[in-house]
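Report on the structure
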Amino acid sequence: MTWTRSLPACRSPTSSTGRVCLCALLAVILCAAVWHADLSMCGDDAEYIRYARELTGTKTGYDWQASRYPLGFPVLLTLTDRWGIEADKLWAALSYVGLVALSVWWGGWIAGLGVLLSPICLWMSGQVMADLPFAFLVLLGVGWTAKGRWWPGLLVLCASCWLKSAGLAVVVGVLAVEAWRGSGWRLVWSALAALLIALPS
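This one's a predicted model, so the numbers in the text were calculated from it and none came from an experiment.

Before going further, it helps to examine the overall build of the protein chain. Each helix and strand in the protein chain was counted, giving eleven helices and zero strands. Along the protein chain, helices (α) and strands (β) appear in the sequence α-α-α-α-α-α-α-α-α-α-α when read from the amino end. Per-residue burial for the protein chain yields a buried fraction of 41% across its 201 residues. Here the protein chain displays about 10600 Å² of accessible surface, and carbon together with sulfur accounts for 70% of that area.

Attention shifts here to the confidence of the model for the protein chain. The predicted model of the protein chain has a mean per-residue pLDDT of 83, with 83% of residues at 70 or higher. Between the elements of the protein chain, mean pLDDT differs from a low of 68, seen in helix 11 (residues 185–197), to a high of 95, seen in helix 5 (residues 90–107). Note on residues 1–10: pLDDT is under 50 here. Beyond four places in sequence and across chains, it has 17 contacts.

Below, the discussion takes up the packing of helix 8 (residues 131–146) against helix 9 (residues 150–160). Direction vectors running N to C along helix 8 and helix 9 enclose 160°, while the axes themselves pass 7 Å from each other. On the basis of the axis angle, helix 8 is roughly antiparallel to helix 9. Both helix 8 and helix 9 take part in a crossing whose hand is left-handed. Facing Phe 134, Leu 137, Val 138, Leu 140, Gly 141, Val 142, Trp 144 and Thr 145 of helix 8, the residues of helix 9 in contact are Trp 150, Pro 152, Gly 153, Leu 154, Val 156, Leu 157, Ala 159 and Ser 160.

Turning our attention to the packing of helix 5 against helix 8. The N-to-C vectors of helix 5 and helix 8 enclose an angle of 30°; their axes lie 8 Å apart at closest approach. The orientation of helix 5 relative to helix 8 falls into the category roughly parallel. Our pair here, helix 5 against helix 8, has a crossing hand that is left-handed. Here helix 5 contributes Trp 91, Ala 92, Ser 95, Tyr 96, Gly 98, Leu 99, Leu 102, Ser 103 and Trp 106 to the contact with helix 8, which in turn contributes Leu 132, Pro 133, Ala 135, Phe 136, Leu 139, Leu 140, Gly 143 and Trp 144. Here the contact of helix 5 with helix 8 is composed, by residue class, of 13 nonpolar, four polar and no charged.

With that settled, consider the nonpolar core. Judged by nonpolar contacts, the single largest core of 19 residues is most densely connected at Ala 27, Tyr 96, Val 100 and Leu 132. Mapped onto this core, the elements with two or more residues apiece are helix 1 (13–33), helix 5, helix 6 (109–116) and helix 7 (119–124). Tallying contributions element by element places helix 5 first for this core, with seven residues. When near neighbours in sequence (up to four residues on either side) are disregarded, Ala 27 contacts Tyr 96, Val 97, Val 100 and Leu 116. With 18 residues, the next largest nonpolar core counts Tyr 48, Phe 73, Leu 102 and Trp 144 among its residues.

Thresholds applied
Position labels on residues start from 1 in each chain and follow its written sequence. Side-chain atom pairs in this predicted model are given and counted only at pLDDT of 80 or more, local residue features only at pLDDT of at least 70, and totals for whole chains, interfaces and linings cover all residues. Only hydrogens and water are removed before side-chain values are computed, so all heavy atoms of the structure are retained for them. Counting from the N terminus, the helices are the DSSP runs of H or I reaching at least four residues and the strands are the DSSP runs of E reaching at least two. Throughout, exposure labels follow a simple rule: accessible area from a 1.4 Å probe, protein chains only, divided by the maximum for the residue type, with under 20% read as buried, over 50% as exposed, and the rest as partly exposed. For accessible areas, the Shrake-Rupley method is used with a probe of radius 1.4 Å. Any residue's cover is judged against the shown protein chains and nothing else. The predictor rates its confidence in each residue with pLDDT, a number between 0 and 100. Residues are treated as being in contact if the distance between any of their heavy atoms lies within 4.5 Å. Lines fitted to the C-alpha atoms define the axes, with helices restricted to the stretch that makes contact. Angles between their N-to-C directions range from 0 to 180 degrees. With respect to orientation, any angle under 35 degrees is reported as roughly parallel, any angle over 145 as roughly antiparallel, any angle of 65 to 115 as roughly perpendicular, and every other angle as oblique. In this scheme, a crossing is called left-handed if the near helix is turned counterclockwise away from the far one by less than a right angle; it is called right-handed if the turn is clockwise. Here the term charged refers only to Asp, Glu, Lys and Arg, the term nonpolar to Ala, Val, Leu, Ile, Met, Phe, Trp, Tyr, Cys and Pro, and the term polar to all other amino acids, Gly among them. Put simply, a nonpolar core is a bunch of buried Ala, Val, Leu, Ile, Met, Phe, Trp, Tyr and Cys residues held in one set by side-chain atoms that sit within 4.5 Å of each other.

Given below as structure tokens:
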């Protein structure tokens, strides 16, 4: 059983695409306007970078095996860190644009503008942190499961657990809704898949 009935009626594909493109463009402009090459003062971004560099063999003195962070985001940083801090920030910037686009596509103008103009989202778009990539995966995964694409959605939600451990709560919540709706064997296989993919994070 899917959650499709709880979703609003579909809008015109043409008008929706135009809105998504416009808001995504505005997101790129705003992101560029606040872009800077420095790290934040909170220290998390520096810890992520040291974690990633340890994974690539650069000695930073960081004990990544005792880290409080899941492995996923540092692994992503290993793909961009060779080009410097600004390249590392692209993960958050692209996730901000994608989050705005998905919000408009599935929630309409108000939802999209809420994300677009959110001070915390805009600030996070210029940081080396996992928050926005995590939020993008959660929105994508929940949206897909709600629209009947259960397995791709669940896989994306499990992947989000490798960015932030809070993803486990989202996975449990989605499985709980399926249990309440009486999904039978699909729920059993979904729970097993989630245990195998998400829990090791």
